[in-house]
Amino acid sequence: MTEIWHSLTKAIELLVSLDPEVIEIAGRSLRISGTACLLASLICLPLGSLIHSHRFPGKRALINIIQTLFSVPTVLVGLLVFVLFSRAGPLGVFGIILTPTAMVIGQVVLITPLLLGLTISALSGVSKEIVDTATSLGASRFQTVWLVLREARYAVLAGVILGFGRAISEVGCAMLVGGNIKGATRVMTTAISLDTSKGELELAIALGIILLFLALIINIVLNRLQQR
Amino acid sequence: MKKNWLKIAVGVLVVAVVAMVLVMVLGRSPQMQKEVLKVATTTSLYDTGLWDYLEGIFEDRYDADLQITAQGTGAALALGKTGDADVVAVHDPAQEAAFIDGNYSIEAQNFSAERVTWAYNYFIIVGPQADPAGISGGNLTPEQAFQTIRQEGKAEPETVKFVSRGDNSGTHGKEKAIWKAAGYNYTADIEGEGTTEGWYFETGQGMGATLLVANQKLAYTLTDKGTFLAYQGDLDLVPLLDTGGTLLNVYSVIICKNGVHLDMANNLVNFLRAPDIQALIAGFGVPQYGQPLFYPWNPVICGLP
């Protein structure tokens, strides 16, 4: 027990003193997952609007598949990206395995279904009357889509934030395609994993506290949005 | 309807491609002006802190960015095969030979050999202080100790347990070799039967994590000496057997033919065998643990070159 207390106080020391290693790793996590979240949003918001605003055979099935992929295991995504981008793989020419780029791609693949699904359900929550009114007032298709997206913006943003949360907290994919290289691909979750297995709990706990703190911020923002 | 489908498909494709290209272009970290050398190494080397210690010295000397990923020997060699790593630093002679025979390596310039050894230490069998199987003190060979653990484990799986890396690492390779030398078929008698009988456990994790598991289970395990010393403070396990020729543990470095920065890889080979670095390796850990974690290269013990 004293051991744990000792680690905990050390961890808080690391946080308060803004230990450069802690800051560097946390910053890298934020950069990689932030980029992944941004790219996934760029893909999912337009695509979600398209799927929502069109009727086509198999739409229900497609949405079911997307929702199933919400819980795709992170290591499975890691494996997929590894097989595709390893130098021996079909996209090996880019040589991005063991770089932050591979981690960004992995996280984009990981959270795209989540963002897509939540965007579609957010848009479904917009009253049909708004669409009808806009159309009858002569809005173009694009203008209508934009209007619906604007109406649903808080729910859509909530989806984006959840996607970010899933990206920054995953470890399986980051470990497989990033390789946990110090100074290059070591992020909060992989560092926690390494330090715990090394028996050095201070840094692991400090990073864990940051991750929890981020989760708290995400939760507060989500609550605020839902109250609007 | 058909048209809409087409539009959707094209839209998705365009967005996805644009996004991927953006990642490829922007993701290439611009601050990495220095030449990057990717090293895949074993957890037993990394977990001791040796690489952290040597990394900065190498980077200053060759103005390079040394990027080290720690995996089991099997995984490290796999990264070397595909060329995702430029050089591997590992410790499993059997797997290394297969790697070289498979034509995945090239000769190191100054050594005229593919496999260059650069340090060694010994594996040790560690276990609970009480030593329920009674392997210490009787001058047993490692093979006899393993036979004893198996017999006692079969009889009393509650008290006599063995925890294995189970991850195709160099240490796992050594463990398999000892079981084989002790007269067992590893897959059937140990991995198969031992697991069903409940005295043999595979963690599938690194050396440090496996030691921590063995510690929790009060079990025996095979470990390299370096990692054990580095972890000793957190463990109740004690070394029970550390003699016997089969326990020798040699670290080598091999340049990967499919890698990218092969000149820099040559620099790393030269670096690890340079006299000043060899002296640093010999002294590494002595202030902290009172004894060295690794011994410098020795032609008689490690073999040439």
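Residues numbered from 1 in each chain as written. Chains lettered and ligands numbered in written order. Predicted model: local features only at pLDDT ≥ 70, side-chain atom pairs only at ≥ 80, totals over all residues.

What to know about the overall build of chain A
Phase 1: Along the backbone of chain A there are eleven helices and zero strands.
Phase 2: Reading the helices (α) and strands (β) of chain A from amino to carboxyl end gives α-α-α-α-α-α-α-α-α-α-α.
Phase 3: For chain A, the C-alpha atoms occupy an extent of roughly 70 × 45 × 25 Å along the three principal directions.
Phase 4: Burial statistics for chain A: of 228 residues in total, 45% are counted as buried.
Phase 5: Taking contacts inside chain A between residues at least 6 apart in sequence as the whole, the part at least 24 apart equals 75%. (Helix = DSSP H or I, 4+ residues; strand = E, 2+ residues; numbered from the N terminus. Buried ≥ 20, exposed ≤ 12 C-beta atoms within 10 Å, placed from the backbone. Contact = placed C-beta atoms within 7 Å.)

Focus: the overall build of chain B
Phase 1: The number of helices and strands found in chain B is 14 helices and eleven strands.
Phase 2: Taking all contacts inside chain B whose residues are at least 6 apart in sequence as the whole, residues at least 24 apart take part in 75%.

Structural notes on the packing of helix H1 (residues 2-16) of chain A against helix H11 (residues 201-227) of chain A
Residue and element names in this part refer to chain A.
Phase 1: In contact at an axis separation of 8 Å, H1 and H11 are set at 60° when each is read in the N-to-C sense. Classified by the interaxial angle, the pair formed by H1 and H11 is oblique. The hand of the H1/H11 crossing is right-handed. Touching Ser-7, Leu-8, Lys-10, Ala-11, Leu-14 and Leu-15 of H1 are Leu-201, Glu-202, Leu-203, Ile-205, Ala-206 and Ile-209, all from H11.
Phase 2: Of the residues that constitute the contact of H1 with H11, the class distribution is nine nonpolar, one polar and two charged. (Axes fitted to C-alpha atoms, helices over the stretch in contact; angles between N-to-C directions. Parallel < 35°, antiparallel > 145°, perpendicular 65-115°, else oblique. Left-handed = near helix turned anticlockwise from the far one by under 90°. Nonpolar A, V, L, I, M, F, W, Y, C, P; charged D, E, K, R; others polar.)

Re the packing of helix H6 (residues 128-136) of chain A against helix H7 (residues 141-151) of chain A
Residue and element names in this part refer to chain A.
Phase 1: Direction vectors running N to C along H6 and H7 enclose 150°, while the axes themselves pass 10 Å from each other. The two elements H6 and H7 meet at a crossing, and its hand is right-handed. On H7, the residues touching Ile-130, Val-131, Ala-134 and Thr-135 of H6 are Gln-143, Thr-144, Leu-147, Val-148 and Glu-151.

Some details on the pairing of strand E1 (residues 35-42) of chain B
Residues and elements named next belong to chain B.
Phase 1: The buried count for E1 comes to six of eight residues, which makes it a mostly enclosed element.
Phase 2: As judged from the eight bridges shared by E1 and strand E2 (residues 64-71), these two strands associate in the parallel manner. When the sheet's bridge partners are listed, Thr-41 is paired in E2 with Ala-70.
Phase 3: By the bridge criterion, three bridges tie E1 to strand E3 (residues 87-90) in an arrangement that is parallel. Paired with Val-39 across the two strands is Val-87, which belongs to E3. (Pairing = 2+ DSSP bridges.)

Quick notes on the nonpolar core
Phase 1: In terms of nonpolar packing, the biggest core is built from 143 residues, with Leu207(A), Val87(B), Val88(B) and Leu268(B) touching the most fellow members.
Phase 2: The dominant element in this core, judged by the number of residues it contributes, is helix H5 (residues 100-124) of chain A, at 15 residues.
Phase 3: There are two domains that each give this core at least three residues, and those are domain 1 (35-121 + 250-295) and domain 2 (122-247) of chain B.
Phase 4: Non-local contacts of Leu207(A), meaning those with residues more than four positions away in its chain, are made with Val22(A), Ile25(A), Ala26(A), Met188(A), Ala191(A) and Ile192(A). (Core = buried A, V, L, I, M, F, W, Y, C linked by C-beta atoms within 7 Å. Domains from an automatic or database assignment.)

Side note on the environment of Val163(B)
Residue and element names in this part refer to chain B.
Phase 1: Within the fold, Val-163 resides in strand E6 (residues 162-164).
Phase 2: On the neighbour-count criterion, Val-163 (24 C-beta atoms within 10 Å) is buried.
Phase 3: Here the alpha-carbon distance between Val-163 and Glu-193, two residues 30 residues apart in the chain, equals 14 Å.
Phase 4: Discounting chain neighbours no more than four positions away, the residues touching Val-163 are Phe-201, Thr-203, Thr-210, Val-213, Ala-214, Lys-217, Ala-219 and Thr-221.

Let's talk about helix H7 (residues 170-181) of chain B
All names here are of chain B.
Phase 1: Its twelve residues give H7 an end-to-end C-alpha distance of 16 Å, which sits within 8% of 16 Å, the value for a rise of 1.5 Å per residue.
Phase 2: Summarising burial for H7: nine of the twelve residues are buried, a large majority.
Phase 3: Along H7, the residues classified as buried are Gly-170, Thr-171, His-172, Gly-173, Lys-174, Glu-175, Lys-176, Ile-178 and Trp-179.
Phase 4: Phi for Gly-183, located one or two positions after H7, is positive at around 100°. (Expected span 1.5 Å × (residues − 1).)

Things to note about unusual backbone geometry
Phase 1: Of note, the phi angle at Asn139(B) is positive, near 55°, even though the residue is not glycine.
Phase 2: On the neighbour-count criterion, Asn139(B) (9 C-beta atoms within 10 Å) is exposed.

A few points about helix H4 (residues 74-85) of chain A
Residue and element names in this part refer to chain A.
Phase 1: With twelve residues, H4 extends 16 Å from end C-alpha to end C-alpha; this agrees with the ideal 16 Å at 1.5 Å per step.
Phase 2: For H4, the full list of buried residues reads Thr-74, Val-77, Gly-78, Val-81, Phe-82 and Phe-85. One side of H4 carries all its buried residues, which in axial view fall inside an arc of 135°.
Phase 3: Where H4 is buried, its residues contact H5 and helix H9 (172-178). (Arc of directions from axis to C-beta.)

Some points on the domain arrangement of chain B
By convention, interface size is frequently given as the accessible area that disappears when the constituent parts associate.
All names here are of chain B.
Phase 1: By the assigned domains, chain B splits into domain 1 (35-121 + 250-295) and domain 2 (122-247).
Phase 2: Domain 1 and domain 2 are separated by 26 Å when their C-alpha centres are compared.
Phase 3: In this assembly, 19 residues from domain 1 lie in contact with 16 residues from domain 2.
Phase 4: Every element with two or more residues in the side of domain 1 that touches domain 2 is listed here: helix H2 (43-46), helix H4 (73-82) and helix H5 (93-101).

Details of the environment of Thr119(A)
Residue and element names in this part refer to chain A.
Phase 1: For Thr-119, the location among the structural elements is in helix H5.
Phase 2: Given 27 C-beta atoms within 10 Å, Thr-119 falls into the buried group.
Phase 3: Taking the C-alpha atoms as reference points, Thr-119 and Ile-66, separated by 53 residues in sequence, lie 11 Å from one another.
Phase 4: In contact with Thr-119, other than residues within four places in its own chain, are Cys-44, Leu-45, Gly-48, Val-156 and Gly-159.

Brief notes about the environment of Ile12(A)
Phase 1: In this fold, Ile12(A) is placed in helix H1.
Phase 2: Measuring from C-alpha to C-alpha, the distance between Ile12(A) and Thr133(A) comes to 56 Å, with 121 residues separating the pair along the chain.

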